[in-house]
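Coordinate inspection notes
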Amino acid sequence: MAEVSTNALFPETFQGTAADIAGQIGLMWELIKAPLIVPLLRAAVYICLAMELMLFIERLYMGIVIVLVKLFMKKPDKRYNWEPMRDDLEIGNEGFPMVLVQIPMFNEKEVYKISIGAACNLSWPSDRLVIQVLDDSTDPLIKDLVEKECLRWANKGINIRYQIRENRGGYKAGALKEGLKRDYVKDCEYVVIFDADFRPEPDFLRRAIPFLVHNSEIALVQGRWRFVNANECLLTRMQEMSLDYHFTVEQEVGSSTHAFFGFNGTGGVWRIAAINEAGGWKDRTTVEDMDLAVRASLKGWKFLYLGDLQVKSELPSTFKAFRFQQHRWSCGPANLFRKMVMEIVRNKRVNIWKKFYVIYSFFFVRKIIAHMVTFFFFCVVLPLSLLVPEVEIPTWGAIYIPCIITTLNSVGTPRSIHLLFYWILFENVMAFQRTKATFIGLLEAKRANEWVVTEKLGDALKNKEKTKQTKKPRGSLFGDRILPQELGFAVFLFFCGCYDVLYGKSQYFLYIFLQVITFTIAGFGYIGTIVPS
């Protein structure tokens with residue numbers, strides 16, 4: 001009976017030495033390669049090349065537009081009606097509209113003083129300004145600190161309100177929505193939102209509000225983020241390069257051509273009437289800011305981006321916090337695209353070109369294709385092609401076009417041009433997480449609505465000794481430090497690189513081994529300012 005079972009499970013051809021088994025595996029590989037592997041891999045190459053061309057055309061289009069905008073288009077204060085807000089002795093402060101400042105918080109021990117202080121120092125008549133601290137903190141000690149800070153500014157004559165909720169329903173969107181329902185908000189015409197790590201300059205409102213006052217069609221004025229800790233470590237430098245392109249090119253192009261772009265969730269001023277007409281804040285995705293922007297745009301409202309209206313903020317400097325942030329930023333747009341694509345198609349208030357821009361350029365290429373082509377092409381298809389020499393990838397697709405796209409992406413941060421090659425390797429690593437999150441959003445899978453607040457460290461990192469004393473919660477080794485998926489890809493790429501060295505003729509192994517090193521560094525968590533113990 002045992003003999004029968006063994007023969008059934010392991011045919012005679014497989015019973016032998018390890019060399020015989022390896023030979024049998026090699027024979028099976030050759031048998032299935034030509035009829036199955038080669039056609040599938042070749043189809044994957046064509047699909048990836050098509051996606052790459054879509055991304056290339058998009059980047060080239062935005063590059064041309066931004067050059068034309070910088071050379072020939074008038075500045076915003078010339079394109080729109082704009083007059084400075086002036087004090088009037090006769091009517092007093094009545095000439096200034098009522099403005100609400102919302103500061104959503106969640107256990108922001110390191111930055112709550114900075115954000116509240118910056119908001120309280122805004123140059124705007126105190127009787128025309130309401131500052132609303134929306135505290136969803138779960139730590140009673142932090143809640144007490146935030147409330148005391150609000151009371152301290154209230155005693156100085158600042159109209160500041162400390163608001164808490166019984167639960168965190170809707171997360172940030174729920175807090176903002178609840179804040180707008182307060183009785184003292186009914187006289188406010190505009191609302192400006194600052195996340196807990198944002199530090200606006202005192203003249204922020206005086207520069208932004210006039211665009212809304214004198215142009216009734218504008219719903220949103222968005223400022224540009226500047227990063228106080230960009231030089232903290234290599235991780236923050238990489239983030240700066242990506243975000244500077246987003247603000248320098250993507251937001252500027254959207255504002256100048258279609259008067260539409262995605263609200264960044266903070267550092268912007270909204271017309272409250274536009275928020276209400278669009279249906280208010282919704283928590284159906286993790287990108288409530290983008291959701292509101294798309295719905296307001298479909299109502300015919302216009303948006304204005306001001307590149308010289310800058311707000312200081314903080315970049316996540318730990319790899320764990322950055323990965324959670326990127327999951328939310330990748331999953332949310334894909335999930336929103338799933339929910340809104342037909343609503344955009346059926347909309348009759350915006351023209352067909354704006355619909356095409358929102359669906360194809362804004363969502364499909366930038367939020368979906370950009371992640372997928374980076375991961376599948378450079379981390380899967382290209383390495384696999386080294387194992388299957390019958391499938392060739394043209395040089396223009398593997399080298400020339402990616403180099404042009406990368407160069408175009410670097411225009412926002414010329415000071416970091418020397419980091420460009422490492423930025424490519426790092427983006428390929430992050431493309432794995434972003435692609436996974438994109439599929440989760442498109443399929444509305446288990447983690448589609450996962451919301452993890454990005455950890456902020458404030459001024460704690462300015463002092464090295466204080467940084468060393470910062471206590472980090474101990475987590476499991478595999479949860480906080482070792483990332484098996486990244487390490488698994490490092491092993492896969494290492495195998496492909498070794499095969500190319502032994503049998504290949506492409507010389508791609510040089511790139512493959514550098515990518516192996518980057519995946520390994522990420523897999524062991526050695527990225528960022530603090531490595532959990």
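Residue numbering note: each chain is counted from 1, following its sequence as written. Given that the model is predicted, a residue must reach a pLDDT of at least 70 before its local features are reported, and side-chain atom pairs must reach 80 or more before they are shown or counted; all residues, however, enter totals for whole chains, interfaces and linings. Here the side-chain values reflect all heavy atoms present in the structure, with hydrogen atoms and water set aside.

Considerations on the nonpolar core
Definition in use: Residues belong to one nonpolar core when they are buried, are Ala, Val, Leu, Ile, Met, Phe, Trp, Tyr or Cys, and are joined through side-chain atoms within 4.5 Å. For every residue, the accessible area obtained with a 1.4 Å probe (protein chains only) is divided by the maximum for its type, and the residue is called buried under 20%, exposed over 50%, and partly exposed between those limits. Only runs of H or I of at least four residues qualify as helices and only runs of E of at least two qualify as strands under DSSP, and these elements are numbered from the N terminus. The contact criterion used is simple: two residues touch if any of their non-hydrogen atoms lie within 4.5 Å.
Among the nonpolar cores identified, the biggest contains 93 residues, and Ile116, Trp270 and Phe303 are the most heavily contacted of them. Per-element tally for this core: the top contributor is helix H12 (residues 352-387), with seven residues. With residues near it in sequence (within four places) discarded, Trp270 still touches Glu189, Tyr190, Val191, Ile193, Ala219, Leu220, Phe263, Ile275, Leu292, Ala293, Ala296 and Phe303. If you look at the next biggest cluster of nonpolar residues, it comprises 54 residues, including Phe56, Cys233, Leu387 and Cys496.

As for the sheet that holds strand S1 (residues 99-105)
The following threshold applies: Two strands form a pair only when DSSP identifies at least two bridges running between them. Comment: axis = line fitted to C-alpha atoms, over the contacting stretch for helices; angle = value between 0 and 180 degrees taken between N-to-C directions.
The sheet built from eight strands is open, its strands ordered S3-S2-S1-S4-S7-S6-S8-S5 with mixed pairing. In this open sheet, the two strands that pair with only one neighbour each are strand S3 (160-164) and strand S5 (199-200). Across five bridges, the pairing between strand S2 (residues 129-135) and S3 is parallel. When the sheet's bridge partners are listed, Asp135 is paired in S3 with Ile164. Along the sheet, helix H6 (residues 171-180) contacts S1, S2 and strand S4 (190-193); its crossing angle with S1, the most-contacted strand, is approximately 145°. Strands strand S6 (218-227) and strand S8 (302-313) of the sheet are contacted by helix H8 (residues 234-257), whose axis makes an angle of about 155° with S6.

Section: the UniProt feature "domain: Glycosyltransferase 2-like" (unreviewed entry) in the chain
Applicable threshold: UniProt positions are given in the numbering used here, feature names are shortened, and annotations may be inferred rather than shown by experiment.
Listed under "domain: Glycosyltransferase 2-like" (unreviewed entry) in the UniProt record, and renumbered for this structure, are residues 190-388. Strand forms 16% of residues 190-388 and helix 58%; the C-alpha atoms that close the span are 60 Å apart.

Focus: unusual backbone geometry
Look at Asn107: it is not a glycine, yet its phi comes out positive at around 50°. Here Asn107 is to be found in the loop between S1 and helix H4 (112-120). Residue classification places Asn107 among the partly exposed positions, given a relative accessible area of 25%. Despite not being glycine, Tyr171 has its phi angle at roughly 55°, a positive value. Note that Tyr171 resides in helix H6.

A look at helix H11 (residues 319-346)
Defined as follows: Multiplying 1.5 Å by the helix residue count minus one yields the expected span of that helix. The reported bend at a residue is simply the angle between two axes, fitted to the 7 residues ending at it and to the 7 residues beginning with it.
Between its first and last C-alpha atoms H11 spans 41 Å; for 28 residues at 1.5 Å apiece the expected length is 40 Å, and the two agree. Considering bend angle alone, the principal kink of H11 is centred on Met340 and spans about 50°.

Notes on the confidence of the model for the chain
For clarity, the threshold we go by: The pLDDT value tells you how sure the predictor is about a given residue, anywhere from 0 up to 100.
Scored by pLDDT, the chain has a mean of 89; 90% of the residues are at 70 or more. Long-range and interchain partners of residues 1-15, a stretch whose pLDDT sits below 50, account for seven contacts in this model, where long-range means more than four residues apart. In this model residues 464-477 is a low-confidence stretch, pLDDT under 50, and it forms 11 contacts with partners more than four residues away in sequence or in other chains.

Description of the pattern of salt bridges
Let me state the cut-off plainly: Note on definitions: salt bridges are taken to be side-chain nitrogens of Lys or Arg within 4 Å of carboxyl oxygens of Asp or Glu.
A complete count under the given rule lists 16 salt bridges for this structure. Residue Arg415 pairs with Glu240 through a salt bridge whose shortest N-O separation is 2.8 Å. Of the two residues, Arg415 is situated in the loop between helix H13 (395-409) and helix H14 (420-443) and Glu240 in helix H8; the sequence distance between them amounts to 175 residues. Classification of Arg415 as partly exposed rests on a relative accessible area of 41%. Using a relative accessible area of 7% as the deciding quantity, one classes Glu240 as buried. A salt bridge links Glu444 to Lys339; the shortest N-O distance between them is 2.7 Å. Of this pair, Glu444 sits in the loop between H14 and helix H15 (464-469) while Lys339 is found in helix H11, placing the two residues 105 residues apart along the sequence. Classification of Glu444 as partly exposed rests on a relative accessible area of 31%. Relative accessible area serves as the criterion here: at 29%, Lys339 is assigned to the partly exposed category.

Here we look at the side chain of Arg434
In plain terms, the rule: By the criterion applied in these results, polar contacts are pairs of N or O atoms within 3.5 Å in which, for protein atoms, one can donate a hydrogen and the other can accept it, and in which residues neighboring in sequence qualify only through two side-chain atoms.
Note that Arg434 resides in helix H14. Of note is the side chain of Arg434, whose polar atom sits 3.0 Å from the side chain of Gln326. Apart from residues lying up to four places away in sequence, Arg434 is in contact with Phe322, Gln326, Ser330, His371 and Glu427.

Some thoughts on the state of the cysteines
As a reminder, the rule being used: Two cysteine sulfurs form a disulfide in these notes if their separation is within 2.5 Å.
For the structure shown, the criterion picks out zero disulfides. As a non-bridged cysteine, Cys188 has Cys120 as the owner of its nearest cysteine sulfur, 15 Å distant.

A word on a nonpolar patch on the surface
To keep it simple, the criterion reads: Two distance rules govern patches: like charges are joined within 9 Å, and nonpolar side chains (Val, Leu, Ile, Met, Phe, Trp, Tyr) within 5 Å, applied only to residues with over 30% relative accessible area and no salt bridge. Per-residue and other accessible areas were derived by the Shrake-Rupley procedure at a 1.4 Å probe size, with only the shown protein chains allowed to occlude residues.
A contiguous nonpolar patch, built from Leu60, Ile64, Val67, Leu68, Leu71 and Phe72 and spanning about 610 Å² of accessible area, is present on the exposed surface. Among the structural elements, Val67 can be located in helix H2 (residues 18-72). Judged by relative accessible area, Val67 falls into the partly exposed class, the value being 43%.

Comments concerning the packing of aromatic side chains
Quick reminder of the rule: Here a pair means two rings of Phe, Tyr or Trp (six-membered ring of Trp) with centres within 6.5 Å. Their orientation is stacked below 30 degrees between planes, edge-to-face above 60, and tilted elsewhere. When the NZ atom of lysine or the CZ atom of arginine is within 6 Å of a ring's centre and also within 35 degrees of its normal, the charge is said to sit over that ring.
What the rule picks out here adds up to 30 aromatic pairs. When the ring of Tyr171 is compared with that of Trp451, the centres are 5.9 Å apart and the planes differ by 10°; the resulting orientation is stacked. One end of the pair, Tyr171, is in helix H6; the other, Trp451, is in the loop between H14 and H15, with 280 residues separating them in the sequence. On the accessibility criterion, Tyr171 (32% relative accessible area) is partly exposed. Pairing Phe261 with Phe303 gives two aromatic rings, centres 5.7 Å apart and planes at 65°, and the pair type is edge-to-face. Remark: Phe303 occurs in strand S8 and Phe261 occurs in the loop between H8 and strand S7 (268-271); sequence separation between them is 42 residues. For the pair Phe261 and Phe303, a shared accessibility class is recorded, and that class is buried. Directly above the aromatic system of Trp153 lies the positively charged group of Lys156, at a separation of 4.4 Å from the ring centroid. Directly above the ring of Trp451 sits Arg328, whose terminal nitrogen or CZ lies 4.7 Å from the centroid.

So, the packing of helix H10 (residues 288-298) against H12
Using the following cut-off: Any angle that falls under 35 degrees is termed roughly parallel, while one over 145 is termed roughly antiparallel, one within 65 to 115 roughly perpendicular, and all others oblique. Each crossing gets its handedness from the near helix: less than a right angle anticlockwise from the far helix is left-handed, clockwise is right-handed. The residue classification treats Ala, Val, Leu, Ile, Met, Phe, Trp, Tyr, Cys and Pro as nonpolar and Asp, Glu, Lys and Arg as charged. All others, Gly included, are polar.
Following both chains from N to C, one finds H10 and H12 inclined at 160°, their axes separated by 12 Å at the closest point. Classed by the angle they form, the pair H10 and H12 counts as roughly antiparallel. Our pair here, H10 against H12, has a crossing hand that is left-handed. For the pair H10 and H12, contact is made by Met290, Val294 and Ser297 and by Lys354, Phe362, Phe363 and Lys367, respectively. In the contact of H10 with H12, the residues fall into four nonpolar, one polar and two charged.

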